[in-house]
Amino acid sequence: QVHLVESGGGSVQAGGSLTLNCGVGGDTASRYCMGWFRQAPGKQREGVATMRTGIDGTYTYLIYSVKGRFAISYDNAKNTLYLQMNSLKPEDTAMYYCAAYPTRHDFCNIGDWNYNYWGQGTQVTVSS
């Protein structure tokens, strides 16, 4: 099991950048799918990006609306998951959550029902 603590949210003007951090504690030696999710007021929670930890190579996925603007990465030395967000738009405004679930597979599911560990969330507000 792991414990997730998010930080890095804030307010930024449209076109700006933010980097979200998700500190991972607990059994970091195990393999997990990790993902970033977001939920805006009145909207359904949606997956934004996923990646696999604990293995070599790169296994990442981004939804179409953020592809080319966002990047997901993991620093093994710091046990930290990142979401680098560039060219932010007002529609990116949401509460962002880090989540994880243990897996033995190479590919990660974008559906939030698969994730059993969640961070507390960090607010991202993009003004126009």
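Remember, it's a predicted structure, so these values are computed and weren't measured experimentally. (Residues numbered from 1 in each chain as written. Predicted model: local features only at pLDDT ≥ 70, side-chain atom pairs only at ≥ 80, totals over all residues. Heavy atoms only, no water.)

Colleague: Hey, could you go over the environment of Leu 18 for me, with residue numbers and the actual values?
Modeller: Within the secondary structure, Leu 18 sits in strand E3 (residues 18-26). Between the alpha carbons of Leu 18 and Ser 127 there is a distance of 13 Å; along the sequence they are 109 residues apart. Every residue in contact with Leu 18, bar those within four places of it in the chain, is listed here: Gly 8, Gly 10, Val 12, Leu 83, Gln 84, Met 85, Leu 88 and Val 124. (Helix = DSSP H or I, 4+ residues; strand = E, 2+ residues; numbered from the N terminus. Contact = heavy atoms within 4.5 Å.)

Colleague: Summarise the pattern of salt bridges; cite the residues concerned and give the values.
Modeller: A complete count under the given rule lists four salt bridges for this structure. Across the pair Arg 38 and Asp 92 runs a salt bridge whose closest N-O atoms are separated by 3.0 Å. Of this pair, Arg 38 sits in strand E4 (residues 32-39) while Asp 92 sits in the loop between strand E8 (80-85) and strand E9 (94-102), and the two are 54 residues apart along the sequence. Grouping residues by exposure puts Arg 38 and Asp 92 together as buried. Counted as one network, the salt bridges with shared partners bring together Arg 38, Glu 46, Arg 69 and Asp 92. (Salt bridge = Lys/Arg side-chain N within 4 Å of Asp/Glu carboxyl O. Buried < 20%, exposed > 50% of the residue type's maximum accessible area, 1.4 Å probe, protein only.)

Colleague: Hey, could you go over the packing of aromatic side chains for me, with residue numbers and the actual values?
Modeller: Inspection of every chain in the model, using the stated rule, returns seven aromatic pairs. Between Phe 37 and Trp 118 the ring centres are 5.1 Å apart and the planes differ by 50°, which places this aromatic pair in the tilted class. Of this pair, Phe 37 sits in strand E4 while Trp 118 sits in strand E10 (residues 117-118), and the two are 81 residues apart along the sequence. Ring centres of Tyr 101 and Tyr 115 lie 4.7 Å apart, and the angle between their planes is 85°; this geometry places the pair in the edge-to-face category. You can see Tyr 101 sitting in strand E9 and its partner Tyr 115 sitting in the loop between E9 and E10, a full 14 residues away along the chain. This pair shows no difference in class: Tyr 101 is buried, exactly as Tyr 115 is. Grouped by ring-pair contacts, the aromatic residues Phe 37, Tyr 97, Tyr 101, Tyr 115 and Trp 118 constitute a single cluster. (Phe/Tyr/Trp six-rings, centres within 6.5 Å; stacked < 30°, edge-to-face > 60°.)

Colleague: Provide a residue-level description of the environment of Lys 78, including the pertinent values.
Modeller: Looking at where Lys 78 falls in the secondary structure, it is placed in the loop between strand E7 (70-75) and E8. For Lys 78, a relative accessible area of 56% gives the class exposed. On a C-alpha basis, the gap between Lys 78 and Gly 23 in space is 8.0 Å, while along the polypeptide they are 55 residues apart.

Colleague: Can you break down unusual backbone geometry residue by residue, with the values?
Modeller: Phi is mostly negative for residues that are not glycine, and the peptide bonds are mostly trans. Even without glycine at this site, Asn 79 takes up a positive phi of about 50°. Along the chain, Asn 79 turns up in the loop between E7 and E8. Asn 79 sits in the partly exposed class, given a relative accessible area of 24%.

Colleague: Outline the sheet that holds E8, listing residues and values.
Modeller: Taken together, the four strands give an open sheet; going across it, the order is E1-E3-E8-E7, and neighbouring strands pair in antiparallel fashion. Of all strands in the sheet, those bounded by a partner on one side alone are strand E1 (2-7) and E7. Neighbour-to-neighbour, the strand axes of this sheet turn through a mean angle of 20°, independent of strand direction. Where E1 and E3 come together, six bridges link them in antiparallel fashion. Bridged to Val 2 within E3 is Gly 26. (Pairing = 2+ DSSP bridges. Axes fitted to C-alpha atoms, helices over the stretch in contact; angles between N-to-C directions.)

These values are about where atoms sit, not about what they do.
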